[in-house]
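The lines below spell out each chain.
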Amino acid sequence: MRALLATEQVIISGNLWNKFIDRITEMLQDTEMWTNAAMVLLRVILIILISRIVLVIVNRFIDHVTNEKKSKRLKLRTRRVQTMGRLLKNAASYVFNFIAILLILGEFHIQLAPLLAGAGVIGLAIGFGAQSLVKDVITGFFIILEDQFAVGDVIQTKDFKGTVEMIGLRATRIRNWTGEVHIIPNGLINEVTNFSVNPLLAVVDITIAYENTIEEMMTTIRNVLNQLNNPNITATPEVLGIQTLAFNQMTIRITARCKPNTTGEVTRLINTELKKAFEAAKTEATT
């Protein structure tokens, strides 16, 4: 009896396997199915290629519009135009990729209306739970719209100071002079000091002893300042005079107009040249 049951199970299993093989064979031999699959694959490839081509065309158009020469011709701020160009490229990439994904899903007969409705409900729920993200996006939009700062500017917000590397709708990336990169959510940027908009004034205080007469020191300082040749200095530095008097020394203040974000370099240059001049004058006096 057991042998008969085992034999029947083997026969049934063989029949099921044969039916499975027959179905696979019929499916592989179904030319209409392969034609439809090939057409779907071809349309998917065309969608991807067309979206890439359109995205390249849009990016080139954005580059053409935000060209440095055109921005100067239209009297637009170059760094602001470059920032807007990067943001527009980023937005265009998201839009065209999203459209391409929807079209590809449509080729596989996936109903998009329920999918979009569900995505809208989920987005609404996420919006209520992500108020800080909404705040970051709104703040980032107004940062770009109001031209508060742009890529390449040197800014300071709270304890962070450095060069702006990227401005996004959610966060801003700042790199300080020692190489650290700070990523700051836009919603936390409440106060900004921009050092790259207008020419700055470098203030240099020189402390000297009373053993030197003020006329000699003023003459030496003016000679050094008049001989300075640096592209960051936009006008001849001025000697304002004695700033403070102490028991055995006095402080002379010097000001120099310089290009944005070059006050440190100009200050170090003036200090170095004055130190060389004082050493030379002291050597001449001793000889």
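Residues numbered from 1 in each chain as written. Predicted model: local features only at pLDDT ≥ 70, side-chain atom pairs only at ≥ 80, totals over all residues. Heavy atoms only, no water.

The chain carries the name Mechanosensitive ion channel family protein in an unreviewed UniProt entry, which gives Cohnella cholangitidis as its organism. For the chain, the Subcellular location (unreviewed entry) comment in UniProt is given as "Cell membrane". UniProt lists a comment for the chain under the heading Function (unreviewed entry), and it reads "May play a role in resistance to osmotic downshock." (UniProt positions renumbered as here; feature names shortened; annotations may be inferred.)

Chemist: I keep staring at the overall build of the chain and nothing clicks. Help me out?
Modeler: The helix and strand tally for the chain stands at eight helices and eight strands. In the chain, buried positions account for 26% of the 287 residues. The long-range fraction of contacts in the chain, counting pairs at least 24 apart against all pairs at least 6 apart in sequence, stands at 61%. Roughly 20,100 Å² of accessible area belongs to the chain as shown, and the carbon and sulfur atoms make up 61% of that amount. (Helix = DSSP H or I, 4+ residues; strand = E, 2+ residues; numbered from the N terminus. Buried < 20%, exposed > 50% of the residue type's maximum accessible area, 1.4 Å probe, protein only. Contact = heavy atoms within 4.5 Å. Areas by Shrake-Rupley, 256 points an atom, 1.4 Å probe, with all protein chains shown as cover.)

Chemist: Help me understand the pattern of salt bridges, please; the structure alone is not making it clear to me.
Modeler: Opposite charge on two side chains permits pairing when their charged atoms draw close. This model, assessed by the stated rule, comprises six salt bridges. Ionic pairing is found between R175 and E165, a salt bridge with its closest N-O pair at 2.6 Å. Placement of the pair is R175 in strand β3 (residues 171-175) and E165 in strand β2 (residues 160-167), with a sequence separation of 10 residues. For E165, a relative accessible area of 26% corresponds to the partly exposed category. (Salt bridge = Lys/Arg side-chain N within 4 Å of Asp/Glu carboxyl O.)

Chemist: Just to check I follow, could you spell out a nonpolar patch on the surface for this structure?
Modeler: Together, M39, L41, L42, I45, L46, L49, I50, I53, V54 and I57 line one region of the surface with nonpolar side chains, adding up to about 890 Å² of accessible area. With a relative accessible area of 53%, L41 lands in the exposed category. (Patch = residues over 30% accessible without salt bridge, like charges linked within 9 Å, V, L, I, M, F, W, Y side chains within 5 Å.)

Chemist: Help me out: how do you make sense of the sheet that holds strand β7 (residues 238-245) in this one?
Modeler: Strand pairs in the sheet, formed through backbone hydrogen bonds, run parallel or antiparallel to each other. The three strands are arranged β6-β8-β7 in an open sheet whose pairing can be described as antiparallel. Each edge of the open sheet carries a strand with a single partner, namely β6 (200-209) and β7. For this sheet, the mean inter-axis angle between neighbouring strands, taken without regard to orientation, is 25°. Strand direction decides the pairing type here: β7 and strand β8 (residues 249-258), joined by six bridges, are antiparallel. What sits directly across from L245, in β8, is M250. (Pairing = 2+ DSSP bridges. Axes fitted to C-alpha atoms, helices over the stretch in contact; angles between N-to-C directions.)

Chemist: Even after reading the chapter, I still don't get unusual backbone geometry, so can you show me in this structure?
Modeler: Across residues other than glycine, the phi torsion is negative in most instances, and most of the peptide bonds are trans. The phi torsion at K158 lies on the positive side, around 55°, for a residue other than glycine. For K158, a relative accessible area of 56% corresponds to the exposed category.

Chemist: What should I look at first to understand the environment of Q227 in this one?
Modeler: Structurally, the position occupied by Q227 is in helix α7 (residues 214-227). On a C-alpha basis, the gap between Q227 and E273 in space is 9.7 Å, while along the polypeptide they are 46 residues apart.

Chemist: Just to check I follow, could you spell out the UniProt feature "transmembrane region" (unreviewed entry) in the chain for this structure?
Modeler: Mapped onto this numbering, the UniProt entry gives "transmembrane region" (unreviewed entry) at residues 40-62, 83-106 and 112-134. Here residues 40-62 runs as 100% helix and 0% strand, with 33 Å between its end C-alpha atoms.

Chemist: Would you take a moment to explain the sheet that holds β3 for this structure?
Modeler: Taken together, the five strands give an open sheet; going across it, the order is β4-β3-β2-β1-β5, and neighbouring strands pair in antiparallel fashion. Both outer strands of the open sheet, β4 (181-185) and β5 (193-194), are each paired with one neighbouring strand and no more. Relative to β3, β2 runs antiparallel, the two being bridged by four bridges. Its bridge partner lying in β3, V164 is registered against I174.

Chemist: Which parts of the structure should I look at to understand the packing of aromatic side chains?
Modeler: The way to describe two aromatic rings as a pair is by their centre distance and the angle between their planes. Summed over all chains, the structure comprises zero aromatic pairs. Geometry around F195 places K161 over its ring, the cationic atom sitting 4.3 Å from the centre. (Phe/Tyr/Trp six-rings, centres within 6.5 Å; stacked < 30°, edge-to-face > 60°. Lys NZ or Arg CZ within 6 Å of the ring centre and 35° of its normal.)

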